Amino acid sequence: ARSLFGGLTPTLLGVFPYVGFSYAAYEVIRPHLPLRNDGSGSPSEVSAVVGGICAGTVGQVTAFPFDTCRRVMQVHGFQPETQGLARKGMADTMREILRSNGIRGLYRGITPNILKIAPSAAMAAYAYEKSQGVMDTVMTVVQSRYGDKATL
């Protein structure tokens, strides 16, 4: 069972910084993106996509050490030269990666991973902007019907 769930802790811990830093980075980048020409104040579709890729990259850089740790923990039991080692968990695995490879070891393979997440980060930002437009429309309808004090 330990092999089956090996790497679960760093996987769960890595999700929070990835999502949090991605959305935080997008909110920092968003005011600097070129706007649409419709007066909405929203970023253009292309700029939202580019901003999403940048934000996803920021999220990936913050969470990638957890991903590296997870991969090492999952593969650990299947490599003949490491089967005798008894790692206790995520902290031991992180220490071993840092001891043997330094900080660079935590980021080994990040470039292909950024290329992998770029399309989903771009689509997340695009969907976020489109949903903001829908919510603005809904709020306009609700406020016209119930007055300016109406909120969702």
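Please refer to the structure higher up on the page.
Parameters and conventions
Along each chain, residue indices are assigned from 1 in the same order as the chain's sequence is written. Local features in this predicted model are restricted to residues of pLDDT 70 or higher, and side-chain atom pairs are both shown and tallied only at a pLDDT of 80 or more, whereas totals for entire chains, interfaces and linings draw on every residue. The basis for the side-chain values is all heavy atoms of the structure; hydrogens and waters are excluded. Numbering of helices and strands starts at the N terminus; helices are DSSP runs of H or I of at least 4 residues and strands are runs of E of at least 2. Exposure classes here rest on a 1.4 Å probe applied to the protein chains alone. A residue is buried below 20% of its type maximum, exposed above 50%, and partly exposed in between. In this analysis, two residues are considered to be in contact whenever any of their non-hydrogen atoms come within 4.5 Å of each other. Surface accessibility follows the Shrake-Rupley procedure with a 1.4 Å probe radius. Residue values consider only the protein chains on display as shielding. Two N or O atoms count as a polar contact when they lie within 3.5 Å, although within protein this holds only if one can serve as hydrogen donor and the other as acceptor, and sequence-adjacent residues are included solely when both atoms are side-chain atoms. The aromatic pairing rule takes the rings of Phe, Tyr and Trp, using the six-membered ring of Trp, and pairs them if the centres are within 6.5 Å, calling planes under 30 degrees apart stacked, those over 60 edge-to-face and the rest tilted.

### Digging into the overall build of the protein
Per the secondary structure count, the protein includes five helices and zero strands. Secondary structure elements of the protein, listed N to C terminal, follow the sequence α-α-α-α-α. The buried share of the protein, reckoned over its 152 residues, is 32%. Counting only contacts in the protein whose residues sit at least 6 apart along the sequence, the fraction spanning at least 24 positions is 67%. Element-wise, carbon and sulfur atoms account for 65% of the exposed surface of the protein, whose accessible area totals about 9,900 Å².

### As for the environment of Arg36
With respect to the helices, strands and loops of the structure, Arg36 is situated in the loop between α2 (8-29) and α3 (45-76). Exposure remark for Arg36: the relative accessible area of 31% places this residue in the partly exposed category. Once the C-alpha coordinates of Arg36 and Val46 are considered, the two residues, 10 residues apart in sequence, prove to be 9.6 Å apart. In contact with Arg36, not counting residues within four places along its chain, are Ser42, Pro43, Ser44, Glu45 and Lys130. At a separation of 2.9 Å, a polar atom in the side chain of Arg36 contacts the side chain of Asp38.

### Thoughts on the packing of aromatic side chains
Taken as a whole, this structure holds three aromatic pairs when the rule is applied. A centroid spacing of 6.1 Å and a plane angle of 65° characterise the contact between Tyr23 and Tyr128, whose relative ring orientation is edge-to-face. Here Tyr128 lies in helix α5 (residues 110-146) and Tyr23 lies in helix α2, a separation of 105 residues in the sequence. Residue classification places Tyr23 among the partly exposed residues on the basis of a relative accessible area of 41%. With a centroid separation of 5.8 Å and 90° between ring planes, the pair formed by Tyr26 and Tyr128 is classed as edge-to-face.

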